[in-house]
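# Notes for the structure review
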Amino acid sequence: MNQFDKENVKSILLEGEGDWFTANLFRLIAKADYNNRAKLFNAFPDEVNAVHKYLTGKDYEVMV
């Protein structure tokens, strides 16, 4: 995830900006249910946290 992605989570999610990997990954994370988001977190923790923080205002935490 680069600085542009970090600064543009809103436009990537709401306006569909971008067709690069991280933009598509952000949209996938936003659509994922809890179990799948937890799986994505294992591979892409920064990206999941960025999307979750945008959507909820909180850092992402995996509940065991």
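For the structure, see preceding data.
Residues numbered from 1 in each chain as written. Predicted model: local features only at pLDDT ≥ 70, side-chain atom pairs only at ≥ 80, totals over all residues. Heavy atoms only, no water.

Let us now look at the overall build of the protein chain. Helix and strand counts for the protein chain stand at five helices and zero strands. Shown N-terminal to C-terminal, the secondary structure of the protein chain runs as helices and strands in the order α-α-α-α-α. Taken against the 2.2 N^0.38 rule, which gives 11 Å for 64 residues, the C-alpha radius of gyration of the protein chain at 11 Å falls within 12% of a compact globule. Taken over the C-alpha atoms alone, the protein chain extends approximately 35 × 20 × 20 Å along its principal axes. A buried classification covers 34% of the 64 residues belonging to the protein chain. (Helix = DSSP H or I, 4+ residues; strand = E, 2+ residues; numbered from the N terminus. Rg over C-alpha atoms; globule rule 2.2 N^0.38 Å. Buried < 20%, exposed > 50% of the residue type's maximum accessible area, 1.4 Å probe, protein only.)

Direction vectors running N to C along helix α4 (residues 34-43) and helix α5 (residues 45-56) enclose 135 degrees, while the axes themselves pass 6 Å from each other. Comparing their axes, α5 and α4 come out oblique. Listed contacts from α5 to R37, L40, F41, N42 and A43 of α4 are P45, V48, H52 and L55. Grouping the amino acids of the contact of α4 with α5 by side-chain chemistry returns six nonpolar, two polar and one charged. (Axes fitted to C-alpha atoms, helices over the stretch in contact; angles between N-to-C directions. Parallel < 35°, antiparallel > 145°, perpendicular 65-115°, else oblique. Contact = heavy atoms within 4.5 Å. Nonpolar A, V, L, I, M, F, W, Y, C, P; charged D, E, K, R; others polar.)

In this structure, R37 sits in helix α4. Apart from the residues within four sequence positions on either side, R37 is in contact with I29, A30, A32, V48, H52, L55 and Y60.

Turning our eyes to something else, we now look at the environment of A32. Within the fold, A32 resides in the loop between α3 (21-31) and α4. Of the residues examined, A32 reaches a relative accessible area of 17% and is grouped as buried.

These results come straight from atomic positions and should not be treated as a statement about function.
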